[in-house]
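Here is what each chain is made of, one letter per residue.
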Number of protein chains: 2
Amino acid sequence: MKRYEALAEEIAESIATGQLRPGDRVPSVREASRNRGVSPSTVFEAYYLLEARGLLQARPRSGYFVSRTMARQAEPQCSQTATRDQAVEVSELVFQVLGHARNRSLVPMGSAFPSPALFPLPRLALATGKALRRLDPWRTVEDLTPGSAALRRQIALRYLGMGASVDADELVITNGAMEALNLCLESVTQPGDLVAVESPTFYAALQALERRGLRAVEIATHPRTGIAVDALAAVMAQHPVKACWLMPNFQNPLGSLMPDSAKQALVELLARHEVPLIEDDVYGELHFGGHKPRPAKAWDRQGLVMHCSSFSKTLAPGYRVGWVAAGRFVRDVTQRKFMSSVSAPLPSQEGLSEYLQHGGYDRHLRQLRATLAQHQQAVLGAIARHFPAGTRVTQPEGGYFLWVELPEQVDALALHRLALSQGISLAPGQLFSADRRFRHHVRINYGHPDHPGFQQALETVGTIAKALASVVN
Amino acid sequence: MKRYEALAEEIAESIATGQLRPGDRVPSVREASRNRGVSPSTVFEAYYLLEARGLLQARPRSGYFVSRTMARQAEPQCSQTATRDQAVEVSELVFQVLGHARNRSLVPMGSAFPSPALFPLPRLALATGKALRRLDPWRTVEDLTPGSAALRRQIALRYLGMGASVDADELVITNGAMEALNLCLESVTQPGDLVAVESPTFYAALQALERRGLRAVEIATHPRTGIAVDALAAVMAQHPVKACWLMPNFQNPLGSLMPDSAKQALVELLARHEVPLIEDDVYGELHFGGHKPRPAKAWDRQGLVMHCSSFSKTLAPGYRVGWVAAGRFVRDVTQRKFMSSVSAPLPSQEGLSEYLQHGGYDRHLRQLRATLAQHQQAVLGAIARHFPAGTRVTQPEGGYFLWVELPEQVDALALHRLALSQGISLAPGQLFSADRRFRHHVRINYGHPDHPGFQQALETVGTIAKALASVVN
């Protein structure tokens, strides 16, 4: 844990225990720096993090105060490691439930995507048009897999900014992160193999396992700090785990963020067992704290970590450009990509390459992060006001999902159906585990700050949930 | 066989038997129409077909003459059905050999792609820029798989023009035809299953079978008329064939075109056995005759034919837009597409949709077909002049590949390596069969009419082939 994280944790503890109360002014950056013997920037980072988590509020020219609206709500409990591995059969339910989520007339709480209005699509359109007009036609033949050399260089540069060193030659451009993840899985597993995943797990990971005939073992995962590395170690000591598919940064659906020390321990554990990690990091850029979290890939010395990401959730939805830094598996993944779909689309690659080169990306990201962090607060507030007593909710430091644990009596599939009848989509917890263990949980997408009906819809969902909780009682 | 085809065949026979000789003038369209009691347009279609096959030449204001340069060369022999099915292991060789083919400095005879200069890339760039600038951002969420509704409607319209009726709801847009073919294969087979293919077979089909752990049975295929349906019937009566992967129109590498009657017999045979056909039809638009050949899909009444195609070889290389008309498998293929890469790229789909709507496609295709037909003649002429005695070569009525059968002593892999040392790529016959039976065959890509070194390179390859033929003698 970094110094500013330790300081933030200490202050959060004071708030949780009531030592600091809603409305209290916390020491100024200068005071705190002097009192605690840390640099002002450390204090600033800690306050920034606490602000992102909704515990502090900045008031212009007055300093930082303990948030009044957001007494921190209880967070969901840490999940437990599954008692046995199992075949995966979740795909049909996922398609049934999410088939609705694309309907524009619904309030998109169940959607996997943030609002398309959050992205600079007009600027991307100009960049794409410009790049295509000056395209050398031979690039259509030469720039097949592994993909545009210019784009791979720009992606490699961005790794430096997150404390990892990745060579452009290690990168394979894919049709979005989903293709990258699937190719990695295909590269390191055979049907029937055992793959370790978080609990809850992103349903698309479960679908990918099911599609390839793999077995899943779901590992205990903390809603704030991610997968329990010791629990994973215990499973690996007993079972022939062939790969891990994990999201260390802002896991979907938990939003959990593994501390650096846990990421390092994870990579070391996997290196001892020679087990590859398929790292899904599509939300890492959407951090609310001052620093971009490092990927587990940053600690990889063996080439065992296959780091997958994309621009789909951060910049260019629909462009279908993702990639993998495939470590020692790069040749195999490149060949599989070629066999499966020849290459990634050139117009999308050219447009993104042009846009990235002219430097609007970081400015856009800063604004996007601030917008999402702010709307998270509004949604958490509404949940606190409208959801039934006993509700627990995550308060992630990035991404755009909340994981809500409702009272045990609330069946999430019933809640989903009733909400749908009121024009609201939801992602019920049953989608997020091979053993359907999350029956009274829902994932809420707060990445739609521009949606006029969102607050009202949260009240409606809360009302339905209260009714379900009381009926069964 | 249509009336104009019968007439063309009759004239071709007269040329083959010497009744008509090089330089002879054939009757004018009006004379022939009167003498044979057929319509002038039938005669015109027949002459057009013979011109495309290089047997006739038109001279402005003088009429049609038997071609002097192109006494029709002997065609390669019909292949034989494999005596047993077998596991496929060809991928490594394909990557070894074709890794070179993308190098711009080589004469690209071994390439799988036509010259990028043949495509209207500047117009597509404008269309893409325009379409993206007016894109409704919500389309990025709504237009996931099965793909853009507007583009699917336009593709459905094109099916009408080829005598098949396909509803837009049956279409799934993919990342090029290769993804479509792979998804279809995944949809109708399990690892270990037996799949019937042509002989020779497009190597990417063999790679797809290998990747999925399938077994191949290679069926006798005629270099002009395609797969022998009776041979396929005999195999299916004996073996549990689970699917066929075939190219009825301008097969890669043969360029063979199945007659309508054979396509119909094929579809009926498969319907009797309830076996699905994965129809790869990426070259159908590149016909030199007056009519676009119908896909086997046109005879499908059971929804068993999965018709795959793309714009990559006809309009927009690098855009990675293909599709499948998936028949009864449409729901399954849609779900697999979603799981494997979520959706096809929106910029490419929008650009193509805009371009297709404004009607330049058919004009472009007419010019492209004429260019390819003309260059085929030039390349056949050079082969006749420079290749060793005993060389046999196809003379396809579409596409951009020639299949060359060299004297038995010529090892195609040796020829490939020696040609490479002279700056020329070639696709050796060994790539096109699971049992490596085509050892003295090569595929030559004549889709590079603008390449300044092409004729010289053909002479060089001929010289090397002659040397190889004589050394071993």
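For chain A, an unreviewed UniProt entry supplies the name PLP-dependent aminotransferase family protein and the organism Pelomonas nitida. Looking at the Sequence similarities (unreviewed entry) heading of the UniProt record, one finds this comment for chain A: "In the C-terminal section; belongs to the class-I pyridoxal-phosphate-dependent aminotransferase family."

(A) Local environment of the packing of aromatic side chains. As enumerated under the stated definition, the model contains 24 aromatic pairs over all chains in all. Note on Tyr283 of chain B and Tyr400 of chain B: the rings are 5.5 Å apart at their centroids and 85° apart in plane angle, and the pair reads as edge-to-face. Taken together, the residues span a long stretch of sequence, with Tyr283 of chain B in the loop between β10 (277-280) and β11 (305-310) and Tyr400 of chain B in the loop between β13 (392-393) and β14 (401-405) at a distance of 117 residues. Summarising the burial analysis for this pair, Tyr283 of chain B and Tyr400 of chain B share the class buried. Taken together, the ring pairs in this structure connect Phe202, Tyr203, Trp403, Phe432 and Phe438 of chain A into an aromatic cluster.

(B) Layout of the side chain of Ser348 of chain A. Its location among the elements puts Ser348 of chain A in helix α13 (residues 346-357). By relative accessible area, Ser348 of chain A is classed as buried at 0%. Every residue in contact with Ser348 of chain A, bar those within four places of it in the chain, is listed here: Tyr319 and Val321 of chain A together with Pro345 and Pro347 of chain B.

(C) Quick look at the packing of helix α5 (residues 121-133) of chain A against α13 of chain A. Residue and element names in this part refer to chain A. Packing of α5 against α13 leaves a shortest axis separation of 8 Å and a crossing angle of 110°. In this view, α5 runs roughly perpendicular relative to α13, as classed from their interaxial angle. For the element pair α5 and α13, the recorded crossing hand is right-handed. Together, Arg123, Leu124, Ala127, Thr128, Lys130, Ala131 and Leu132 of α5 and Pro347, Glu350, Gly351, Leu352, Glu354 and Tyr355 of α13 make up the contact between the two elements.

(D) Region of the structure containing the relation of the copies chain B and chain A. Laying chain B over chain A is done by rotating through 180° and shifting 0.1 Å along the axis; what remains is an RMSD of 0.2 Å. Taken together, the rotation and translation describe the operation of a two-fold axis. Across chain B, the smallest distance between a C-alpha and the rotation axis is recorded for Gly129 of chain B, namely 2.1 Å. Here 100% of the interface residues in chain B have copies in chain A that are interface residues too; the copies meet face to matching face.

(E) Layout of unusual backbone geometry. Of note, the bond from Thr145 of chain A into Pro146 of chain A is cis; its omega dihedral lies within 30 degrees of zero at 15°. Of note, Pro146 of chain A is situated in the loop between α6 (139-142) and α7 (149-161). In the Ramachandran plot, Phe250 of chain B falls in the positive-phi region, its phi being about 55° despite a non-glycine side chain. Summarising the element assignment, Phe250 of chain B is placed in the loop between β9 (241-246) and α11 (260-273). Classification of Phe250 of chain B as buried rests on a relative accessible area of 3%.

(F) Representation of the side chain of Asp300 of chain A. Residues and elements named next belong to chain A. Within the secondary structure, Asp300 sits in the loop between β10 (277-280) and β11 (305-310). Judged by relative accessible area, which is 12%, Asp300 ranks as buried. A polar side-chain atom of Asp300 sits 3.2 Å from the main-chain amide nitrogen of Leu304. At 3.1 Å, the side chain of Asp300 and the backbone nitrogen of Val305 are in polar contact. Setting aside its immediate chain neighbours within four residues, Asp300 contacts Val267 and Val305.

(G) Looking closely at the packing of helix α12 (residues 330-341) of chain A against helix α8 (residues 176-188) of chain B. Here α12 of chain A crosses α8 of chain B at 90°, and the two axes come no closer than 6 Å. Between α12 of chain A and α8 of chain B, the crossing angle belongs to the class labelled roughly perpendicular. Facing α12 of chain A, whose interface residues are Met339, Ser340 and Ser341 of chain A, α8 of chain B presents Met178, Glu179 and Asn182 of chain B. For the contact of α12 of chain A with α8 of chain B, the residue count by class is two nonpolar, three polar and one charged.

(H) Highlighting the sheet that holds strand β15 (residues 427-428) of chain B. Residues and elements named next belong to chain B. The strand order across the open sheet formed by four strands is β13-β14-β16-β15, and the pairing between neighbours is antiparallel. The sheet is open, and its two edges are formed by β13 and β15, each paired on a single side. Note that β13 and β14 share two bridges and pair antiparallel. Residue pairing in the sheet places Val393 in a bridge with Val404 of β14. Packed on one face of the sheet, helix α14 (residues 361-386) meets β13, β14 and β16 (441-445) and runs near 15° to β14.

(I) A look at the interface of chain B and chain A. Counting residues at the interface gives 49 residues for chain B, matched by 49 residues for chain A. Seen at the junction of chain B and chain A, the total is eight salt bridges. Among the ionic pairs, Arg104 of chain B bridges to Glu142 of chain A, the shortest N-O distance being 2.8 Å. Viewed at the interface, chain A and chain B are joined by 18 residue pairs in polar contact (both at pLDDT 80 or more). At the level of secondary structure, the elements contributing two or more residues to the side of chain B that touches chain A comprise α4 (91-98), α5 (121-133), α6 (139-142), α8, α9 (203-211), α12 (330-341) and α13 (346-357) of chain B. Across the side of chain B that touches chain A, the residue classes tally to 22 nonpolar, 15 polar and twelve charged.

(J) A look at the domain arrangement of chain A. All names here are of chain A. Splitting chain A by domain gives domain 1 (3-66), domain 2 (88-117 + 366-472) and domain 3 (120-361). Using C-alpha coordinates to define each centre, domain 2 is positioned 26 Å away from domain 3. Every contact between the two is made by 34 residues of domain 2 and, on the other side, 28 residues of domain 3. Carbon and sulfur atoms make up 64% of the area that domain 2 and domain 3 hide from each other, which totals about 2700 Å².

(K) Region of interest: α8 of chain B. Its 13 residues place the ends of α8 of chain B 19 Å apart at the C-alpha level, agreeing with the 18 Å of an ideal helix rising 1.5 Å per residue. Of all 13 residues that make up α8 of chain B, 13 are buried, and the element is covered over most of its length.

(L) Here's a closer look at the pairing of strand β2 (residues 63-66) of chain B. Residues and elements named next belong to chain B. Across four bridges, the pairing between strand β1 (residues 56-59) and β2 is antiparallel. Paired with Leu56 across the two strands is Val66, which belongs to β2. Counting the residues between successive antiparallel strands, the hairpin from β1 to β2 contains three residues, one of them, Arg61, with a positive phi of roughly 60°.

(M) The arrangement of the sheet that holds strand β9 (residues 241-246) of chain A in detail. Residues and elements named next belong to chain A. With mixed pairing, eight strands are arranged side by side in an open sheet as β3-β6-β5-β9-β10-β11-β12-β4. Since the sheet does not close on itself, it has two edges, and those belong to β3 (86-87) and β4 (171-174), each with one partner. As judged from the four bridges shared by strand β5 (residues 194-198) and β9, these two strands associate in the parallel manner. Residue Val195 lies in a different strand from β9, and its bridge partner there is Ala243. Its contacts with the sheet put α7 on β4, β11 and β12 (322-325), and the angle it makes with β4 is roughly 115°.

About the thresholds
Residues numbered from 1 in each chain as written. Chains lettered and ligands numbered in written order. Predicted model: local features only at pLDDT ≥ 70, side-chain atom pairs only at ≥ 80, totals over all residues. Heavy atoms only, no water. UniProt positions renumbered as here; feature names shortened; annotations may be inferred. Phe/Tyr/Trp six-rings, centres within 6.5 Å; stacked < 30°, edge-to-face > 60°. Helix = DSSP H or I, 4+ residues; strand = E, 2+ residues; numbered from the N terminus. Buried < 20%, exposed > 50% of the residue type's maximum accessible area, 1.4 Å probe, protein only. Contact = heavy atoms within 4.5 Å. Axes fitted to C-alpha atoms, helices over the stretch in contact; angles between N-to-C directions. Parallel < 35°, antiparallel > 145°, perpendicular 65-115°, else oblique. Left-handed = near helix turned anticlockwise from the far one by under 90°. Least-squares fit on C-alpha atoms with pLDDT ≥ 70 in both. Polar contact = N/O pair within 3.5 Å; in protein donor to acceptor, adjacent residues only side chain to side chain. Nonpolar A, V, L, I, M, F, W, Y, C, P; charged D, E, K, R; others polar. Pairing = 2+ DSSP bridges. Salt bridge = Lys/Arg side-chain N within 4 Å of Asp/Glu carboxyl O. Domains from an automatic or database assignment. Buried area = accessible area lost by both parts, 1.4 Å probe. Expected span 1.5 Å × (residues − 1).

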